[in-house]
Amino acid sequence: MTNDQTHVIVGASLAGAKAAETLRAAGFDGRVVLVGAEDERPYERPPLSKDYLRGEVDREKVYVHGEGFYSEHDIELRLGTTAVDLNASRKELTLDDGDRLSYDRLLLATGSEPRRLTIPGADLDGVLYLRSVHDSDLLRERLDRGGAVVVVGAGWIGAEVAASARQRGLEVTVIEPASVPLERVMGTEVGAIYRDIHTEHGVQMLMGTGVEAFEGDEAVERVRTSDGRLIDCDFVVVGVGVQPRIQLAAQAGLDVDNGILVDEHLETSMPGVFAAGDVANARHPFYGERIRVEHWANALHQGPAAARNMLGPADRFDRLPYFFSDQYEVGMEYSGFARDWDRVVFRGDPASREFIAFWISDERVVAGMNVNVWDVNDPIRRLIGERVTVDDRRLADPDVPIDQLVQAQRGGVA
């Protein structure tokens, strides 16, 4: 595909890197520029709270591509560079070094950033956040020293950091305003399972509790909770969610609302400008609504889909959301999207830490999670994707293969 066009990608992230790879794989031989604010070439984030944080894998394992990939594929990698202005009508991007890039197609893969606490003591040394590989390096140094850590927030980052710290032998306290970990995503029944997993491994779980202040002279020494307790610590990790980096898009006049608004082809309100990854609030054909997904698999698949659409409308991005997590010896995969549900059906005994949970709405499975049960994710996705009407007893019966439920639907209720 001979082409003298220039395609620019802002965000040297997983989504951005896979988009650049896809442009070349699809035969685009014009100019490809990948702009990244960090000095590191694109890397994957899941290891930063797990095996990389614990020192079990080295830095090379987190990168998306080998060091020579970008030069070998004639991809201009502009690291340590931030896009500061976008003039979408002129199709021009200004970088913080003063350079201006004219483009034919633009992909915004700017990702998200941690929500930061503004309580007293929030600026003390030892109050840490985890987003970048540099953050993970700093946090690993703290783990190496041992001691006691308070983790604020029991979402995915908080739960995984707590598990990694406990596996490294630290004293760990988790503080979370919700009644159980991961309550917003999984509800109280499944969240209670993760609470118990952490408790069994020696983590102090302070649920239904907020943080009033971090205290200490120059560095954090203790955390004051909303119920008046003082928790001594050597450092703190805050994991209270992220917010999409929409500043560049908003300044350029693109439609934004909890991310950059894109259609099912991942194109923004400005023709020729696309968005993918954490920052994209995309209209999803399967769900008939907009969803913004902050997980690894979404970036892995959405970046390439956006790249193909930059070359000409090809893909409606309708892939079901997927994420995974490893905490201690408990591994899980989750597929689907459940904003609300009627009930949760379990296949297997959650106490055994080997089970499948199904979230049911209107007698159909809208999400499923397999915990230490493998090679079932594909049939779970088919169960969701084919909108199978289920019978709870058969769904809960481990002797009934999940694939059989999908096949039974074609002849009636599964």
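For every chain, the first residue of the written sequence is number 1, and numbering continues from 1 along that sequence. This being a predicted model, a pLDDT of at least 70 is required before a residue's local features are given, and a value of 80 or more before pairs of side-chain atoms are given or counted; all residues contribute to the totals for chains, interfaces and linings. Hydrogens and water are ignored here; the side-chain numbers use all heavy atoms of the structure.

Peer 1: Go over helix α7 (residues 296-310), please, and point to the residues and values.
Peer 2: For α7, which comprises 15 residues, the first-to-last C-alpha distance of 21 Å matches the rise-based estimate of 21 Å (1.5 Å per residue) to within 8%. The buried fraction of α7 amounts to 11 of the 15 residues, a majority that puts the element mostly inside the structure. When accessible area is computed with a 1.4 Å probe and restricted to protein chains, residues below 20% of their type maximum are described as buried, those above 50% as exposed, and intermediate ones as partly exposed. Strands are runs of DSSP state E lasting at least 2 residues, helices are runs of H or I lasting at least 4, and numbering of each runs from the N terminus. Of the positions making up α7, those classed as buried are Ala297, Asn298, Ala299, Gln302, Gly303, Pro304, Ala305, Ala306, Ala307, Asn309 and Met310. Contacts are assigned to residue pairs that have any heavy atoms within 4.5 Å of one another. Along its buried surface, α7 packs onto β1 (6-10), α1 (14-25), β7 (105-108), β19 (273-275), β20 (280-284) and β22 (322-327). Of the residues flanking the end of α7, it is glycine 312, one or two places downstream, whose phi is positive at about 145°. Expected span, for any helix, means 1.5 Å times one less than how many residues it has.

Peer 1: Any details on the pattern of salt bridges? Residues and values, ideally.
Peer 2: Salt bridges are counted wherever a side-chain nitrogen of Lys or Arg sits within 4 Å of a carboxyl oxygen of Asp or Glu. With the rule as written, the count across this model stands at 31 salt bridges. For arginine 131, the salt bridge identified is with aspartate 278, shortest N-O distance 2.9 Å. Pair noted here: arginine 131 is in the loop between β9 (127-129) and α3 (133-145) and aspartate 278 is in the loop between β19 and β20, with a separation of 147 residues, a long-range link. For arginine 131, a relative accessible area of 16% puts it in the buried group. Looking at aspartate 278, the relative accessible area reads 10%, which means it is buried. Among the salt bridges present, the one from glutamate 289 reaches arginine 339, with a minimum N-O distance of 2.6 Å. Taken as a pair, glutamate 289 in strand β21 (residues 289-291) and arginine 339 in the loop between β23 (330-336) and β24 (343-347) lie far apart in primary sequence, 50 residues in all. Through salt bridges with shared partners, one network takes in Glu215, Glu221, Arg222 and Arg224.

Peer 1: Explain the pairing of β7 residue by residue, including any values.
Peer 2: A regular strand carries its side chains on alternate faces of the sheet. Two strands are said to pair when DSSP picks up at least two bridges between them. The pairing of β1 with β7 spans four bridges and is parallel. If you follow valine 10 over to β7, its bridge partner there is leucine 108. Bridge count for β7 against β19 is three bridges, and the pairing is parallel. For leucine 108, the partnering residue across the bridge sits in β19 and is alanine 275.

Peer 1: I'd like to hear about the sheet that holds β24, residue by residue, with values.
Peer 2: Backbone hydrogen bonds are what pair the strands of a sheet, in a parallel or an antiparallel way. One open sheet holds the five strands; their spatial order is β22-β23-β26-β25-β24, and the pairing between them is antiparallel. Every interior strand has two partners, whereas the edge strands, β22 and β24, have only one. For this sheet, the mean inter-axis angle between neighbouring strands, taken without regard to orientation, is 20°. Relative to strand β26 (residues 364-371), strand β25 (residues 355-361) is paired through seven bridges, and the arrangement is antiparallel. If you follow tryptophan 359 over to β26, its bridge partner there is alanine 367. Running over the sheet, helix α5 (residues 183-200) touches β22, β23, β24, β25 and β26 and is turned about 170° from β23. In this analysis an axis means a line fitted to C-alpha atoms, helices contributing only their contacting stretch, and an angle means the value between N-to-C directions, from 0 to 180 degrees.

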